[in-house]
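Architecture and fold: a report
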Amino acid sequence: MTSLRSWGWLLGVTLVLRLVLGWYLPVSPDEAYYWVWAHAPATGYLDHPPMVALWIRAGCALFGDGGAGIRWIGTMAAMAAIPFLAQAIRDFHAPSPEAVEGAARAGMIRGVALLQATLAMGVNAVVMTPDTPLLFFTTLMLWAVGRLMATGHARWWPVCGAMLGLAFDSKYTAVLPGAGIVAWLLLHRAGRAWLRRPAPWAGALVAVAVISPVIWWNATHHWASLLRQGGRVGDWHAGRALGFLGELVGGQVGLATPGIFVLFLAGVVLVTRNARRVPAQGVLLWMIVVPTAVFVTHALGDRVQANWPVILYPLLAVAAAQLTWKGWKPAVALGGVLCALVFIQAAFEPLSLSAHTDVMLRQVGGWPGLADEVEGRAMPGDFVTACDYGTASELALYLPRRAVVGMEPRWALFNLPHGIRGEGLMLCNPRRTFDRRYFATVEPVGSITRHGRIRDAERLDIYRVRMNDPVPPDLLPDIAILSRDLTAVTQASGPRGRIQAAPSAPSCGTACSAPEGPDDGPGGPDRH
């Protein structure tokens, strides 16, 4: 068995590499969008709860706007969760008395290594998405449940409720393992015994208190976010069920990596065998089964985005940690190699792949250079806008002294200054369209290309536009100033581009059914 010290050194090197990558790689459109959230504080947003924005706000306060500020808290959280995952593995498994310490240590090393070597964890430890805090708080919830099972102390129920609430404040899918705990309480003998005591109810009250700001935001914004996420079940195509199920399985083979995916499945089989006689294994099984059933049911009529089931990965790592198969080290090695190849391609583009094939090129390639070229083409006092939220957010991040404007219904729900006057540049991918009612004049003036390190990532058409004055009242709330430093923007804009006061209490309007969501990327589908 490789020593614990050697694994510690390997994790330390991994942390350093992730921090360097987070600083070096350009920010993706979704990360830039969440950065806009961070300087428009709220207890909810159209696409997700606010935790990702809180983490980015804290990171930027420490490390400045840019890759380090946006990502480093998430990178360090991925490592900070490791001791909690290790303790959960020990608590859920309870090895035989004659080999307590050795078996426990081996299981902890296996489980931690399996989770850290997945492509899902590798990416979410470098790139900040709502899955980053979700994985962290899900791990802490798992730790609290493990402590409860191992000690029987009722005080762990409020801790479990708090961690579940914080996971929900990261992403709504956290409700699924929480529903698994409820199912165990109702259907397992040991769970029903707890229902006669006040502790689980106290934990539920703590969870409700923690999520109440998000629920309140939804209640005061026409339930925009919950309706948007719930609306995913509205478009049903039962005839494509086999294709959707194949995508679901294939996506998990890719994100878990093949060897680890097999170990995850084997771990679930082992947990299923032990569930009746070991209460800890029973609650773990229910926390896995309920989300899995929901995702499989959804795939019978609609696409399950590959990243949705990553909430299961800490639970699956705990399940697989009790396996003693010799193949776990090669599986971890393969996962590490695949993660390394993804980031080598993102940083250096050694393979000649098109933007359609190379997801990292499409997501992070060339944004600082694009912003520099736009700044060179804009006239003094021009504002800059784009026909999709991702490009507009990128320009706001990389053009801090230029008035950058978002123009689409989603912005009506943001606590940002609304409205702009004067002239500016509109950038739009040729595959997209934009609402011309905002403008008095629209004149094509050429195109611009976003270049990766070696290959082109995207071509954008450029239009010189002049705002309607006044803008139709129903469109005014959809126009938001995304730039963080409004003082610098106002001084730079001069008489050509003037910011109007924000209208009071913007309504949901069509934002609730806006066609895109986070992680669309330029021209891509919503993955969250």
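Residues numbered from 1 in each chain as written. Predicted model: local features only at pLDDT ≥ 70, side-chain atom pairs only at ≥ 80, totals over all residues. Heavy atoms only, no water.

What to know about the pattern of salt bridges
Close approach of charged atoms allows side chains with opposite charge to pair. What counts, and what does not: In what follows, salt bridge is the name for a side-chain nitrogen of Lys or Arg lying within 4 Å of a carboxyl oxygen of Asp or Glu. Secondary structure follows DSSP: runs of H or I at least 4 residues long count as helices, runs of E at least 2 residues long count as strands, and numbering of each begins at the N terminus. Relative accessible area decides the class of each residue, using a 1.4 Å probe on protein chains only: under 20% of the type maximum gives buried, over 50% gives exposed, and in between gives partly exposed.
The full count for this structure, using the stated rule, is 17 salt bridges. A salt bridge links E349 to R455, with the shortest nitrogen-to-oxygen separation between them at 3.7 Å. Of this pair, E349 sits in the loop between α18 (328-348) and α19 (359-364) while R455 sits in the loop between β4 (439-451) and β5 (456-467); the two residues are 106 residues apart in sequence, bridging distant segments of the chain. Comparing E349 with R455, the two get one shared label, buried. Put simply, R437 and D474 hold a salt bridge, and the shortest N to O gap is 3.9 Å.

Structural notes on the pairing of strand β1 (residues 383-386)
This is how the line gets drawn: Here the rule is simple: two strands pair whenever DSSP picks up at least two bridges between them. With the strands pointing away from the viewer, any crossover whose connection runs clockwise from the first strand over the helix to the second is right-handed.
Burial along β1 is two-sided: F383 and T385 facing one way and V384 and A386 facing the other are all buried. For β1 and strand β3 (residues 423-428), the ladder comprises four bridges, and the chain directions are parallel. In the sheet register, A386 faces β3, and the bridge partner there is L427. Note: β1 against strand β2 (residues 404-407), three bridges, orientation parallel. Paired with V384 across the two strands is V404, which belongs to β2. You can see the chain leave β1, run along helix α21 (residues 389-398) and come back into β2, and the turn it takes is right-handed.

Observations regarding the sheet that holds β2
Heads up, the condition is: To get an axis, a line is fitted to the C-alpha atoms, and for a helix only the part in contact is used. The angle between two axes follows their N-to-C directions and goes from 0 to 180 degrees. Contact definition: two residues touch when any of their heavy atoms are within 4.5 Å.
Within the open sheet, the six strands sit side by side as β4-β5-β3-β1-β2-β6. Their pairing is mixed. Each of the sheet's edge strands pairs with one partner strand only, and the pair in question is β4 and β6 (479-481). Each neighbouring strand pair of the sheet contributes to a mean axis angle of 25°, computed without reference to strand direction. Where α21 meets the sheet, it contacts β1, β2, β3 and β5, and its direction lies at approximately 165° from that of β2.

Observations concerning the packing of aromatic side chains
Filter applied, for reference: Each Phe, Tyr or Trp ring (for Trp, its six-membered ring) is paired with any other whose centre lies within 6.5 Å, and the angle between the two planes then decides the class: stacked below 30 degrees, edge-to-face above 60, tilted in between. By the criterion adopted, a ring carries a charge over it if an Arg CZ or a Lys NZ lies within 6 Å of its centre and within 35 degrees of its normal.
Within this structure, the stated rule accounts for 23 aromatic pairs. Arranged with centres 4.9 Å apart and planes meeting at 75°, the rings of Y34 and W37 form a pair that is edge-to-face. With Y34 and W37 both in helix α2 (residues 29-38) and three residues apart, this pair spans about one turn of that helix. Since its relative accessible area comes to 0%, W37 is described here as buried. The interplanar angle of 70° and the centroid separation of 5.1 Å between the aromatic rings of F63 and W72 together place this pair among those described as edge-to-face. We classify W72 as partly exposed; its relative accessible area is 22%. Each member of the aromatic cluster is reached from another via a ring pair, and the members are Y33, Y34, W37, Y45, Y389, W411 and F414. Lying across the ring of W367, R450 places its NZ or CZ 4.0 Å from the centre.

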